[in-house]
Structures are given as C-alpha cells and as structure tokens.
Amino acid sequence: MWSDLLALGSLFIVAFGAATILPFQSEIVFVALQLRGDIAIEWIVIFASVGNILGSGLNYALGRVLERYRGRRWFPVSEAQLEKARDWYLKWGVWTLLLSWAPLGDALTIVAGVMRTNVWLFFLLVGIAKTVRYIVVALVTAAAF
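What counts as what
Residues numbered from 1 in each chain as written. Predicted model: local features only at pLDDT ≥ 70, side-chain atom pairs only at ≥ 80, totals over all residues. Heavy atoms only, no water. Axes fitted to C-alpha atoms, helices over the stretch in contact; angles between N-to-C directions. Helix = DSSP H or I, 4+ residues; strand = E, 2+ residues; numbered from the N terminus. Parallel < 35°, antiparallel > 145°, perpendicular 65-115°, else oblique. Left-handed = near helix turned anticlockwise from the far one by under 90°. Contact = heavy atoms within 4.5 Å. Salt bridge = Lys/Arg side-chain N within 4 Å of Asp/Glu carboxyl O. Buried < 20%, exposed > 50% of the residue type's maximum accessible area, 1.4 Å probe, protein only. Core = buried A, V, L, I, M, F, W, Y, C linked by side-chain atoms within 4.5 Å.

Taken N-terminus to C-terminus, the directions of helix 2 (residues 26-36) and helix 3 (residues 41-66) make an angle of 165 degrees; their axes are 10 Å apart at the nearest point. Taken together, the axes of helix 2 and helix 3 lie roughly antiparallel to each other. Crossing of helix 2 against helix 3: the hand is right-handed. Between helix 2 and helix 3, the contacting residues are S26, F30, L33 and Q34 on the first element and I41, I44, V45, A48 and N52 on the second.

We now examine the pattern of salt bridges. According to the stated counting rule, one finds 3 salt bridges in the structure shown. Residues E27 and R133 are paired through a salt bridge, measuring 2.4 Å at the closest nitrogen-oxygen approach. Residue E27 is located in helix 2, and its partner R133 is located in helix 6 (residues 119-144); the two are separated by 106 residues in the primary sequence. Judged by relative accessible area, which is 25%, E27 ranks as partly exposed. Overall, R133 belongs to the buried group, its relative accessible area being 13%. Measuring nitrogen to oxygen at the nearest pair gives 3.0 Å for the salt bridge that ties D38 to R36. A relative accessible area of 42% places R36 in the partly exposed class.

With that out of the way, let us pick up the nonpolar core. Residues L11, F30, L33, I39, I44 and Y134 are the most contacted members of the largest nonpolar core, which totals 14 residues. Elements that contribute at least two residues to this core include exactly helix 1 (2-18), helix 2, helix 3 and helix 6. Per-element accounting of this core gives the leading share, 4 residues, to helix 1. Contacts of I39, omitting those with residues within four sequence positions, involve D4, A7, L8, L33 and I44.

Not every positive phi belongs to a glycine, and R116 is a case in point at roughly 60 degrees. Note on placement: R116 falls in the loop between helix 5 (105-114) and helix 6. Residue classification places R116 among the partly exposed positions, given a relative accessible area of 39%.

As structure tokens, then:
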C-alpha cells in the first residue's frame, strides 16, 4: 500500500513538473506504473491528471504575475513576442487551451494567464485536455501490451 502511494505521489510530482517549463516526461512514469499492473488505472489517470492540471495552473499564475513586469530589461519575452502571442491568442481564443497537452501547450497556459483568462474556464478546458490525454495514453498502452 505504501509503495503504491509513493509511486502515485511520484507520478503526481513528475506530471506536475511536466506541465511547467521543467524537462519532465510524465508519460514514461505513467506507462511504467500501468505496466506494473498492481495499481488501478483509474488512480493512475487521476494522479497524473491532477498533477498535470495543477502544473498548468502554476503556469497560469506565472503568466498573471510576469505580465506586470513587461518592459523591464530582464523580462524574458520581448514586446514584439508578447504582442504576437496576444494576437494569436485573441484570434484563436481560449479554445487553444484544449491543446495544452501538446508540446507547446505550456506556453499556451502562460499566455492564458497573461491574457487574464477566466480561471474557472481555464481549469475546465485544461482539465479536459490533460485528462483525455492520459486516458488515451492508458488505452494505447493497454492495446500495445
């Protein structure tokens, strides 16, 4: 039981980190736990999804805070890059958050914070995207092995 909680906790941490700018890959841990076969897949999906969603929430919060410092010399994004991201986000809207599971999805969650997207809508769309992604990973893994 304790080893299961430790494994799920580790998955949560890796999934959280994978949603941020950290170079983590949660799918590797997810698939390894699934292939172990001693933890219900529902728990694996829940822990991975919640960790990944909360990691995206951190990106959202960073976007809200970072935007206050634009124009400063040390600001990591130029004004032109910020305007380009803002124009792209305004064109495609909050629905881009359904792509938050994709490789560039972390940037979308930061832009959502900068754009002051409604936090409830943010978590709804990111929650759907992240959870469906892990369900698909579980189904592909089950079919392949």
